[in-house]
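Residue strings, one per chain:
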Amino acid sequence: MIRIAVDLMGGDHGPKVVVPGVAKALERHPGIRFTLFGLEADCVPVLDKFPALRQASTFVPCEVAVSMDDKPSQALRHGRYRSSMWRAIEAVKTGDADVCVSAGNTGALMAMSRFCLRTMANIDRPAIAAIWPTARGESIVLDVGATIGADAQQLIDFTMMGAAMARALFEIDKPTVGLLNIGVEEIKGQEEVKEAGRLIREAAMPSFDYYGFVEGDDLGKGTVDVVITEGFVGNVALKTAEGTARQIAGYLRAAMSRTLMARIGYFFAKGAFDQLREKMDPGKVNGGVFLGLNGIVIKSHGGADAEGFAAAVDVGYDMVRNGLKSKIEVDLNLYHTRRSALALPVVDSSSS
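Along each chain, residue indices are assigned from 1 in the same order as the chain's sequence is written. In view of the model being predicted, local features appear only for residues whose pLDDT reaches at least 70, and side-chain atom pairs are presented and counted only at 80 or more, with totals across whole chains, interfaces and linings using the full set of residues. Just so you know, side-chain values use all the structure's heavy atoms and leave hydrogens and water out.

For our purposes a nonpolar core is just a set of buried Ala, Val, Leu, Ile, Met, Phe, Trp, Tyr and Cys residues, chained together by side-chain atoms within 4.5 Å. Accessible area is worked out with a 1.4 Å probe on protein chains only. A residue is then buried under 20% of its type maximum, exposed over 50%, and partly exposed in between. Counting residues in hydrophobic clusters, the biggest one holds 71 residues, and the most contacted among them are F34, M165 and M319. Examining the composition of this core, we find that 12 residues originate from one element, helix 7 (residues 152–170), more than from any other. Residues count as neighbours in contact if any of their non-hydrogen atoms are within 4.5 Å of one another. With residues near it in sequence (within four places) discarded, M165 still touches A129, I131, I140, F170, V289, L291, M319 and L324. M85, W132, V144 and L293 belong to the second largest nonpolar core, which has 36 residues in total. Going along the chain from the N terminus, every DSSP run of H or I of four or more residues is numbered as a helix, and every run of E of two or more is numbered as a strand.

And the structure:
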């Protein structure tokens, strides 16, 4: 039985969207046991509308809800030990849940997760991994906002974690991994990226194939299963992709309604446009994974609808079912063993 802790107060709409999303996830995975955290007055009336969920869950009333505009320091100061967000994360720490899912404030969720769960051994900083729709299917991109700037060792850590996530999520034995760069040539890019690429290639890890450098257009092509970058570039790329998808959708709506012939054409091509809209819908691939912590935390998009939140729960379910944490630990231990055997230099990240 997989146990999932859910912060019902997170997101733009709180329990009105989160509770139906959890109910949808339960329909897909009837074996899940949920522990739900939130303000009693806001959550119980919504929960009462979903008797199957009430039966498969335990509701824990909390005193505080972290708002979407709280600074991480404020959230820690006022919500530690008392908020629905903290209590859901803490359930993972105490072993009462296998994974935490929240649509709440990203900065607060990361700060609380790092404070409560701590980072894994040999991990300097955690990362947020996003599932990225591509021409080939889906890829994983990290970091998309947890760490601004990264040295070579942190990029190597991200590589180990991203490859492990690809094996857990996509269930492939040997995913391909690329480092995002301004060109594919080995002489291009920042020194940290070039150094990370050299060390990853020399380690010759058996659990993934190192492709080399990839460029921005490779994200949409799906050239590799996992794309590694630091948080500033990753977050800009993510927001640019989301904005471009909305822009294209707006162009299509305007074009299809401009003339009578266009509306008639849309009627006959509606099936194809529906497929395109579904492919471009961020909610269908919702669920950022916090990697590098002593526990699994999933961040749902704050504006996700019930179906989108259910997708985030699905990601958490898959991460637990396929042993994400143990896969990361195995890869990290193997990398450090190989680094010692090959006398690869230790990259000092203490100054970052």
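Between any two strands, at least two bridges found by DSSP are needed for them to pair. An order of 3-2-1-4-11-10-5-6-9-7-8 is seen for the 11 strands of this open sheet, with the pairing classed as mixed. Every other strand in the sheet has two partners, leaving strand 3 (57–61) and strand 8 (209–214) as the edge strands with one partner each. Each strand of the sheet is rotated relative to its neighbour by a mean of 25 degrees, with strand direction disregarded. Strand direction decides the pairing type here: strand 5 (residues 127–133) and strand 6 (residues 138–142), joined by five bridges, are antiparallel. Within the sheet, the bridge partner assigned to W132 lies in strand 6 and is S139. Angular values range over 0 to 180 degrees, each being the angle between N-to-C directions of two axes fitted as lines to C-alpha atoms, with helices fitted over their stretch in contact. Most of the contacts of helix 2 (residues 40–47) go to strand 3, to which it runs at about 160 degrees, and overall it touches strand 2 (33–38) and strand 3. Across the sheet, helix 8 (residues 191–203) is in contact with strand 7 (176–180) and strand 8; its angle to strand 8 comes to roughly 160 degrees.

Within helix 4 (residues 72–79) the residues assigned to the buried category are A75, L76 and G79. The buried side chains of helix 4 occupy one side of the element, clustering within an arc of 100 degrees when seen end-on. Looking at the residues trailing helix 4, positive phi occurs at Y81, about 70 degrees. Arc definition: it is the arc formed by the directions from the helix axis to the C-beta atoms.

Let us look at the pattern of salt bridges. Any Lys or Arg side-chain nitrogen found within 4 Å of a carboxyl oxygen on Asp or Glu counts as a salt bridge. Under the defined criterion, the tally for this structure stands at 18 salt bridges. The partner of R28 in a salt bridge is E307, with the nearest N and O atoms 3.0 Å apart. Of this pair, R28 sits in helix 1 (residues 15–28) while E307 sits in helix 13 (residues 306–321), placing them 279 residues apart in sequence. Its relative accessible area of 36% is what places R28 among the partly exposed residues. Measuring nitrogen to oxygen at the nearest pair gives 2.9 Å for the salt bridge that ties D331 to R167. Placement of D331 in helix 14 (residues 324–341) and of R167 in helix 7 is noted, with a sequence separation of 164 residues between them. Judged on exposure class, the residue D331 and its partner R167 are both buried.

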